[in-house]
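# Close look at the chain arrangement
Listed below are the residues making up each chain.
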Amino acid sequence: MKISNLLFLFISFQTFAVESVKLADTIKQGYGYIDLFKAQQSANNLTVDDLESLRNAHGNKLVFAVDINEAANGTEKASTQGVTVDTVELIVVRNGSESRYNEFYTPTTSLVAAISETSRTFRYTMIGESGSSRITGATLNDITSEFDSLLTILVPDSIANADSIFLAVRLQQTNKSLGDPEAFYDYTGGYEDIAVVNPYDAQVLTELAPGVDEAPLVVAQSQVEQTVDSWVYYPSSASYFVVAYEDQYPNRGDYDFNDLVIGYRVGFGVSNSQVVSVIGVGYMIARGASANHDWYLHVPFSDYVSGNAQVNLFKPGSSEQAIGYPQLQAVNGNLNLRLFENTKALMKVEGSDFANTLSEQTPIQGHKFSFSFNLDSPLSFDAIPAAPYDPYLHVLTTGYEIHLSGNTTQLSQSTNSGSFNSEYKDQLGYPYALVFPDQWLPPLEYTDLGEAYSTFLDYTNNGSSQNETWYMSPTTNKTKSLPTSFWKW
């Protein structure tokens, strides 16, 4: 946040009547029943008039700051940790009668699986950092220096006549056996303090967003600026496309189809039946090539799109971003993002040109990308192209682009720029790029795709009318075992 903005907020709210107050009750082991009239220091207890004043100041909402305090079960560290929110309810008692309000939100959502589930769905999360890791200025008070995330609950009715008010918060226990992000967003390591905050402190914490940039699989409201009613994912909210390449185009090469293997997913934010945002996430799975590449994802909307996309690149198994990230990429007419640059440097095994393609090689995890794109103008949902879109390779060593069949070149600097050949097949009809479900396993190094998958040749030679599920029958000793549970960290 710029100093000028902080100064403006300070001037705007310095005369605000109600100070933010840390409450006595906490969230312990995933559950809290918090008395809003009971402050940590009794001298700071809030009255019903104070709370009604705060509700009005926030526009029929009550806003709470939460101090995240969790153990390092996953990639948590001093600078980032988080929890998943299950349910929130405000209980207001008036003359012996209860009113309950349970419409809430937090600044972030993440794809997380609950303890009894393996499928990930978007859930509200709260992210923060340990107090010692934050550098704060002298102008920040205890609330904004000690607390992290915000929890907002809608309260459309006056609470001026309330006899008591309680906030019930239940956190979601996640399926830690899946690794991150579930282990990161698991609550079982600590407890959380809560404070009722005024608009000034809420705004400062919103701008600070401590820990958010490093947290895994997070979709921040600060990135997705438009209001989104729902998200639509391809192939789904819990699965990925896997694209594999033979990078010697237009030569056939060894046709082991493991020169680069990428898993990716795309989500579209929809509001009033129109697309307003696009997000994506993906992983580098294997790289069996001496050549070097850049990897792009082109989403060919049928209409003009513009805006700015934020691209994140995370180090393997970590919430730490690579040097030079996040990046902003301008979008003008065409959503065409470079998401992995210089793949040979990103995924490598000491002493080898190959990573995750040799039988004796211990698998390593690859980098992860994520991106968010806010459209300047909404688009009709009909403008979304058919999946799996246009994931393509720019082979830096040869200069050629390699696409799925049916797509045209995109880069002016590529060797085949402007080519009318959109087949990307050799003279026998064999493709250079293919997309699979995320259970697909890449062939071992120097193993022809037809050897690794014995029915592939029948599929190709019969005009794609037979053996359409050839990719589901790998030859065990001809493919590299890289299950999704390993590379989807």
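Preceding this section is the structure that the text describes.
Remember, it's a predicted structure, so these values are computed and weren't measured experimentally. (Residues numbered from 1 in each chain as written. Predicted model: local features only at pLDDT ≥ 70, side-chain atom pairs only at ≥ 80, totals over all residues. Heavy atoms only, no water.)

Looking only at helices and strands, one finds eight helices and 25 strands in the protein. On C-alpha atoms alone, the protein measures out to a radius of gyration of 26 Å, which is about the 23 Å that the 2.2 N^0.38 rule sets for 489 residues. Projecting the C-alpha coordinates of the protein onto the three principal axes gives extents of approximately 80 × 45 × 45 Å. Of the contacts formed within the protein by residues at least 6 apart in sequence, a portion of 73% connects residues at least 24 apart. Entry remark: accessible area of the protein is about 20,400 Å², with carbon and sulfur atoms responsible for 47%. (Helix = DSSP H or I, 4+ residues; strand = E, 2+ residues; numbered from the N terminus. Rg over C-alpha atoms; globule rule 2.2 N^0.38 Å. Contact = heavy atoms within 4.5 Å. Areas by Shrake-Rupley, 256 points an atom, 1.4 Å probe, with all protein chains shown as cover.)

This paragraph deals with the packing of aromatic side chains. Two descriptors summarise a pair of aromatic rings, namely the distance from one centre to the other and the angle between the planes of the rings. According to the stated counting rule, one finds 34 aromatic pairs in the structure shown. Ring geometry for Tyr 249 against Tyr 400: centres 5.6 Å apart, planes inclined by 85°, an arrangement best described as edge-to-face. Of the two residues, Tyr 249 is situated in the loop between strand S14 (241–245) and strand S15 (260–271) and Tyr 400 in the loop between strand S23 (390–395) and strand S24 (401–402); the sequence distance between them amounts to 151 residues. Seen in terms of ring centroids, Trp 440 and Tyr 453 are 6.0 Å apart; in terms of plane orientation they differ by 15°. Their pairing is stacked. Highlighted residues: Trp 440 in the loop between strand S25 (433–437) and helix H6 (449–452) and Tyr 453 in the loop between H6 and helix H7 (456–461), separated in sequence by 13 residues. (Phe/Tyr/Trp six-rings, centres within 6.5 Å; stacked < 30°, edge-to-face > 60°.)

On to the pattern of salt bridges. Summed over the entire model, instances satisfying the criterion amount to 14 salt bridges. A salt bridge links Asp 193 to Lys 22; the shortest N-O distance between them is 3.8 Å. Placement of Asp 193 in strand S11 (residues 191–196) and of Lys 22 in strand S1 (residues 21–28) is noted, with a sequence separation of 171 residues between them. Asp 193 gets classed as buried once you look at its relative accessible area, which sits at 11%. Between Lys 478 and Glu 451 there is a salt bridge, with its nearest N and O atoms 3.6 Å apart. (Salt bridge = Lys/Arg side-chain N within 4 Å of Asp/Glu carboxyl O. Buried < 20%, exposed > 50% of the residue type's maximum accessible area, 1.4 Å probe, protein only.)

For helix H2 (residues 48–57), the set of buried residues is Val 48, Leu 51, Glu 52, Leu 54 and Arg 55. Seen end-on, H2 carries its buried residues on one side only, within an arc spanning 160°. Buried residues in H2 make contact with strand S3 (61–67), strand S10 (164–171) and S11. A positive phi of about 75° marks Gly 59, the residue just after H2. (Arc of directions from axis to C-beta.)

The next subject is the sheet that holds strand S20 (residues 335–340). Strand order in the open sheet formed by four strands is S20-S17-S23-S24, and the pairing between neighbours is antiparallel. Each of the sheet's edge strands pairs with one partner strand only, and the pair in question is S20 and S24. Of the pairings in the sheet, the one linking S23 to S24 comprises two bridges and is antiparallel in character. Opposite Leu 393, over in S24, you have Ile 402 as the bridge partner. (Pairing = 2+ DSSP bridges.)

Those residues of helix H4 (residues 199–208) that fall on the buried side of the exposure criterion are Pro 199, Tyr 200, Asp 201, Ala 202, Val 204 and Leu 205. Taking the backbone nitrogen of Tyr 200 as reference, a side-chain oxygen 3.2 Å away marks Asn 198 as the first, capping residue of H4. (Polar contact = N/O pair within 3.5 Å; in protein donor to acceptor, adjacent residues only side chain to side chain.)

So, on to the environment of Leu 154. In this fold, Leu 154 is placed in strand S9 (residues 149–154). Taking C-alpha positions, Leu 154 is 9.0 Å from Arg 55, a pair spaced 99 residues apart along the chain. The contact partners of Leu 154, leaving out residues within four places of it in the chain, are Asn 60, Lys 61, Tyr 101, Glu 103 and Tyr 105.

By size, the foremost hydrophobic cluster in this structure holds 46 residues, and its most contacted members are Phe 268, Val 278, Trp 295, Phe 301 and Leu 335. Broken down by secondary-structure element, the contributors of at least two residues to this core are S14, S15, strand S16 (274–288), strand S17 (293–299), strand S18 (306–314), S20, strand S22 (368–380) and S23. Residues within four places of Leu 335 in sequence aside, it is in contact with Val 278, Leu 297, His 298, Val 299, Phe 301, Val 305 and Phe 373. (Core = buried A, V, L, I, M, F, W, Y, C linked by side-chain atoms within 4.5 Å.)

Our focus in this paragraph is unusual backbone geometry. For the peptide bond that leads from Tyr 234 to Pro 235, omega is 5°, which places it in the cis range. Positionally, Pro 235 belongs in the loop between strand S13 (230–234) and S14. For the peptide bond that leads from Tyr 325 to Pro 326, omega is 5°, which places it in the cis range. Secondary-structure assignment places Pro 326 in the loop between S18 and strand S19 (327–332). Positioned with a positive phi, Asn 95 is a non-glycine residue whose angle comes to about 50°. In this fold, Asn 95 is placed in the loop between strand S4 (81–94) and strand S5 (97–101). Located in the positive-phi region is Asn 342, a residue other than glycine, with phi close to 60°. Among the secondary structure elements, Asn 342 is positioned in the loop between S20 and helix H5 (343–346). Classification of Asn 342 by relative accessible area gives partly exposed; the value is 31%.

In this structure, Ala 322 sits in the loop between S18 and S19. By relative accessible area, Ala 322 is classed as buried at 12%. As a C-alpha pair, Ala 322 and His 367 span 45 residues in sequence and 8.9 Å in three-dimensional space. When sequence neighbours within four positions are dropped, the list of residues in contact with Ala 322 reads Leu 313 and Lys 315.

Looking now at the side chain of Gln 361. Tracing the sequence through the fold places Gln 361 in the loop between strand S21 (354–355) and S22. Residue Gln 361 is classed as buried on the basis of its relative accessible area of 11%. Within the local environment of Gln 361, its side chain forms a polar contact with the backbone nitrogen of Thr 357, the two atoms lying 3.5 Å apart. Excluding anything up to four places from it in sequence, Gln 361 contacts Val 349, Ser 352, Phe 354, Ala 355, Asn 356 and Lys 480.

Treat this as a map of the structure, not an account of what it does.
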